[in-house]
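# Structure assessment
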Amino acid sequence: MRIRNFILLTAAALLQISCASTYDKVMKSNDVDYKYKAAHEYFNNGKYRKAADIFDHLNLLVQGLPQEDTVSFYHGLSNFRYGDYQTAETILAKFVEVYPRSPFHTEAQYLRIKCLYDDTHRYELDQTPTRKAMMVISEFMYENPQSEYYPVCKEMMADLMERLERKSFESAKLYYTMEDYKASRHALKNVLKENAENQYREDVLYYTAMSSYKYALNSIDEKKKERYLDFVDDYYNFISEYPESKYRKELDSLFEKVEHYTVKTTTDNKEENI
């Protein structure tokens, strides 16, 4: 049993050495056909890192030859398959610019988009990569409305837009969580100024109304009535758009309290003036 294991380990080691020596031989060679064939063999066998290195070396050797765009495309594709999205995106972006008539052009555009999309972050984090991806996706969708990749790009776009809109809403809502209700109302209103179609619009309007209510509630008596009027405006804005909202019952209850307070304050003031 020990002898058998030893033989298997020895064979595996020899095979590894043989593979390594073959790869080194390919890398050192300037034979375009030999190198080109080897690069594709490594790629087809799933050895994308080695394939990427060989295609990278081939780039200089095939300049001006018919294989030029193929080598450049597979250089980017190998890095993509390997999972090095940043390197792949750089290569594919250049490919799209340099080879607009290549049969790989549309696929390269889509793969570049995939690289950008896969390199984006959760909504809590920096959304600069998200904005870059959305810009490139928009250009692709505009230029290729009939592309087979169009539906996937549309889904990516919707997902990225949701992240941006949630980021905007959650950032404004943070003031509410911190109980800075004046700043919260201002920030939430800005969310809809920047994008009236924000998919969190219902929540934005709800927290806007809640911010104005709590800001008034915590104000000195001389300022309460005036500030409750802001809540009344926000309340009517909300129920006009979302009469069946899950927040309706809560806001109705607060509105009744504000009405009662306003009536009582007005009555008290009249009595003082008599």
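Let me sum up the structure you'll find in this document. What you see is a predicted model; the values in this text were computed from it and never measured.

Structurally, the position occupied by Tyr48 is in helix α3 (residues 48–61). It is 6.7 Å that separates the C-alpha atoms of Tyr48 and Asn79, two residues lying 31 residues apart in sequence. Once residues lying within four places of it in the same chain are set aside, the contact partners of Tyr48 are Phe43, Ser78, Arg81 and Tyr82. Polar contacts involving the side chain of Tyr48 include one to the side chain of Arg81, which spans 3.4 Å.

A few words now on the packing of aromatic side chains. Taken as a whole and judged by the stated rule, the model has 26 aromatic pairs. With a centroid separation of 6.2 Å and an interplanar angle of 35°, the aromatic rings of Phe231 and Tyr235 are classed as tilted. Of this pair, Phe231 and Tyr235 are both found in helix α11 (residues 221–241), 4 residues apart, which corresponds to roughly one turn of the helix. Each of the two residues, Phe231 as well as Tyr235, counts as buried. The class for Tyr235 is buried, based on a relative accessible area of 5%. Cluster of aromatic residues (ring-pair linked, three or more members): Phe169, Tyr176, Tyr181, Tyr200, Tyr206, Tyr207, Phe238, Tyr242 and Tyr247. The ring of Tyr82 has Arg49 sitting right over it, with the charged end atom 4.8 Å from the ring centre. A cation over a ring is seen here: Lys50 above Tyr23, with NZ or CZ 5.1 Å from the ring centre.

A few words now on the pattern of salt bridges. A pair can form between side chains of opposite charge whenever their charged atoms are brought close. Scanning the entire structure with this criterion turns up 12 salt bridges. The closest approach of N and O atoms between Arg112 and Glu89, which form a salt bridge, is 2.7 Å. With Arg112 in helix α6 (residues 105–118) and Glu89 in helix α5 (residues 85–98), this residue pair connects regions lying 23 residues apart in the sequence. Judged by its relative accessible area of 9%, Glu89 is buried. Residues Glu170 and Arg166 are paired through a salt bridge, measuring 3.6 Å at the closest nitrogen-oxygen approach. With Glu170 and Arg166 both in helix α8 (residues 150–177) and 4 residues apart, this pair spans about one turn of that helix. Here Glu170 falls in the partly exposed class, since its relative accessible area comes to 25%. Exposure remark for Arg166: the relative accessible area of 29% places this residue in the partly exposed category. Connected via shared salt-bridge partners are Glu89, Arg112 and Lys132.

Turning to the environment of Val136, a few remarks are in order. Turning to its location among the elements, Val136 is positioned in helix α7 (residues 128–143). The spacing of Val136 and Ile113 is 23 residues in sequence and 6.8 Å in space, taken between C-alpha atoms. In this view, Val136 contacts Arg112, Ile113 and Leu116; residues no more than four positions away in its chain are not counted.

As a further point, take the side chain of Asp203. Relative to the elements of secondary structure, Asp203 occurs in helix α10 (residues 201–217). The charged side chain of Asp203 is buried without a salt bridge, its nearest counter-charge being Lys246 at 4.8 Å. Leaving out residues up to four positions away in the same chain, Asp203 has contacts with Phe169 and Tyr247.

Of note, Val62 is situated in the loop between α3 and α4 (68–82). Spatially, the C-alpha atom of Val62 lies 9.8 Å from that of Asp33, the residues being 29 residues apart in sequence. Contacts of Val62, omitting those with residues within four sequence positions, involve Val32, Gln67, Glu68 and Val71.

Procedures and definitions
Residues numbered from 1 in each chain as written. Predicted model: local features only at pLDDT ≥ 70, side-chain atom pairs only at ≥ 80, totals over all residues. Heavy atoms only, no water. Helix = DSSP H or I, 4+ residues; strand = E, 2+ residues; numbered from the N terminus. Contact = heavy atoms within 4.5 Å. Polar contact = N/O pair within 3.5 Å; in protein donor to acceptor, adjacent residues only side chain to side chain. Phe/Tyr/Trp six-rings, centres within 6.5 Å; stacked < 30°, edge-to-face > 60°. Buried < 20%, exposed > 50% of the residue type's maximum accessible area, 1.4 Å probe, protein only. Lys NZ or Arg CZ within 6 Å of the ring centre and 35° of its normal. Salt bridge = Lys/Arg side-chain N within 4 Å of Asp/Glu carboxyl O. Lys, Arg positive; Asp, Glu negative; His and termini not counted.

Remember that the coordinates give geometry; whether it matters functionally is a separate question.
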